[in-house]
Amino acid sequence: MKVIEGVTLRGMQAVPVEVEVEMTGGLFAITIVGLPDVAVRESRERVRAALRTLGLKLKGRVSVNLAPADLPKEGALLDLPIALCMLRSSGVFEPGERALYMGELALDGRLRRVRGAVPAAFLAREMGVPLYVPRENAEEVALVKGVTAFSAETLGELVSVLKGDSAPKPVQASELPEAPFVADPDFADVKGQAAARRAAEVAAAGHHNLLLVGSPGSGKTLIARALNGILPPLTDEELVETLLVRSTLGLPVEPGRRRPFRTVHFTASSVAVCGGGSDLRPGEVSLASRGVLFLDEFTEFRRDLTESLRAPLEDGQIVVSRAAGTVVYPSRVLLVLAANPCPCGFLGDPLEKCTCSSVEVDRYRRKLSGPILDRIDLQIAVPRLTSEELLSFSGGGESSAEIRSRVVRARELQQERWARFGYSCNAELPERLVRRHLTLSAESRSYLAGMADRLRLSGRGLSRVLKVARTIADLAGESDIQTPHLAEALMYRQGAGG
Ligand SMILES: [Zn+2]
């Protein structure tokens, strides 16, 4: 074969790139066709310096062609295949078997870690060809089952392999390193707050979105963070999705099957949160997918940012369309919002007096409604405790490990129930399946109908109540949704407002 194959990324997907080099006489110059200007300049310098470390001095006109031409490409990933193509055109080694190569070159010829090694491994597996990566990428590639991969530390090491002077170093398939389960913070450290603890348990069990409303110092943030420690471990499939996102962003593999927890500040841009931008990188929502996305001080968030979250929350994925095509990122997050009850923060507080006018409170309350809040299944008040109450909770509450074991059992029931439809938890269930599969006894049905009228619940609101009630029944190990399960679910619906 005349070409050397590399990869570039489109969203979270690796796409093959063919590299061809032509060398002719004349004045020295390197031109690369098919890369944006800045990337060309940088790649050219790195490749030239790295080749010099192997004693290869380029002469004459060197033109590099990258195909397909209309595909936007990232320079750094293509350093290695470009350098290899130049070496082969200079007769340093003979063409061998077909393979994919990726890596950024340091000026001294070392191969640097690149983003996208996991998507590249998927591509190599699909194409049925081996993948060559920098040594620093070996750990994540080892987690992709069924791929043949090799790693090298330097360009020189790889050239010696391609010349047949030494054997390639295979990337040994491995499992994700285990990590001891640590909840930090632990629910054992959360004093009181029985209702909020219970809401967090229900949220974790069914992957339901949660709103915590309380005064500053009430422990909303502590509860949100503790929620991460009671989530069930990632399944194999979910782990792969998490790996893909992290690898695409160049983030290292994390040990254990802990779910992601990402906090977004209200000053964040919508590209940082939802992804996209010129290089089509995934955003925080995708990094948080299968785990928690935490928005503290929710009422401070700009309208356009919360609006941009609406579709990802509803669809479980983000679709970015560009001239070059469409990319899709995952966004199956458990959204946790925290907010004060009023502008001054002390409405309903046992210790401090609220100084807001009723007009101010009304205006504030409107911020706590709208499209995002419609997608919140559980709303709960987190009242500040008086010092007397704080002192009376001397022994800690139930530990995160105990709560987590119930959550894991409830999630197993959901996986069994919904696997054939392609869903893993109650919150993911689309409305048509809710209507067909979450049925009620005559008594429960008339109870819910009465409550729905009183609370003026919409059709969507009703199916959310049903899904939460299903989770509560799963936590109790009950096969049918019963009236008490519905009553608890409705309580979370009425929310933190009262
Ligand atoms: Zn107030």
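Throughout what follows, the structure given in this document is the object of discussion.

What counts, and where the lines are drawn
Residues numbered from 1 in each chain as written. Predicted model: local features only at pLDDT ≥ 70, side-chain atom pairs only at ≥ 80, totals over all residues. Helix = DSSP H or I, 4+ residues; strand = E, 2+ residues; numbered from the N terminus. Buried ≥ 20, exposed ≤ 12 C-beta atoms within 10 Å, placed from the backbone. Contact = placed C-beta atoms within 7 Å. Pairing = 2+ DSSP bridges. Axes fitted to C-alpha atoms, helices over the stretch in contact; angles between N-to-C directions.

Points about the overall build of the protein chain
Within the protein chain one finds 19 helices and 17 strands. Projected onto the principal axes, the alpha-carbon positions of the protein chain cover approximately 85 × 45 × 45 Å. Residues counted as buried form 43% of the 498 residues belonging to the protein chain. Intrachain contacts of the protein chain at a sequence separation of at least 6 include 73% that bridge at least 24 residues.

Topic: the pairing of strand 16 (residues 334-339)
Burial within strand 16 is extensive, with six of its six residues counted as buried. Along strand 16, one buried face is formed by Leu 334, Val 336 and Ala 338 and the opposite face, lined by Leu 335, Leu 337 and Ala 339, is buried too. Two elements, strand 11 (residues 210-213) and strand 16, share four bridges in a ladder whose sense is parallel. Across the sheet, the residue bridging to Leu 210 is Val 336, located in strand 16. Alignment of strand 13 (residues 292-295) against strand 16, held across four bridges, turns out to be parallel. Note on strand 16: the bridge partner recorded for Leu 295 is Leu 337.

A closer look at helix 3 (residues 117-127)
Here helix 3 has its buried residues at Ala 117, Val 118, Pro 119, Ala 120, Ala 121, Leu 123 and Ala 124. Gly 128 occupies a position one or two residues after helix 3 and carries a positive phi of about 70°.

Overview of the sheet that holds strand 11
Reading across the sheet, the five strands line up as 12-13-16-11-17 and stay open at both edges, with parallel pairing between neighbours. Each having just a single partner strand, strand 12 (261-264) and strand 17 (378-381) make up the two edges of the open sheet. Each neighbouring strand pair of the sheet contributes to a mean axis angle of 20°, computed without reference to strand direction. Across the sheet, helix 6 (residues 194-206) is in contact with strand 11, strand 16 and strand 17; its angle to strand 17 comes to roughly 165°.

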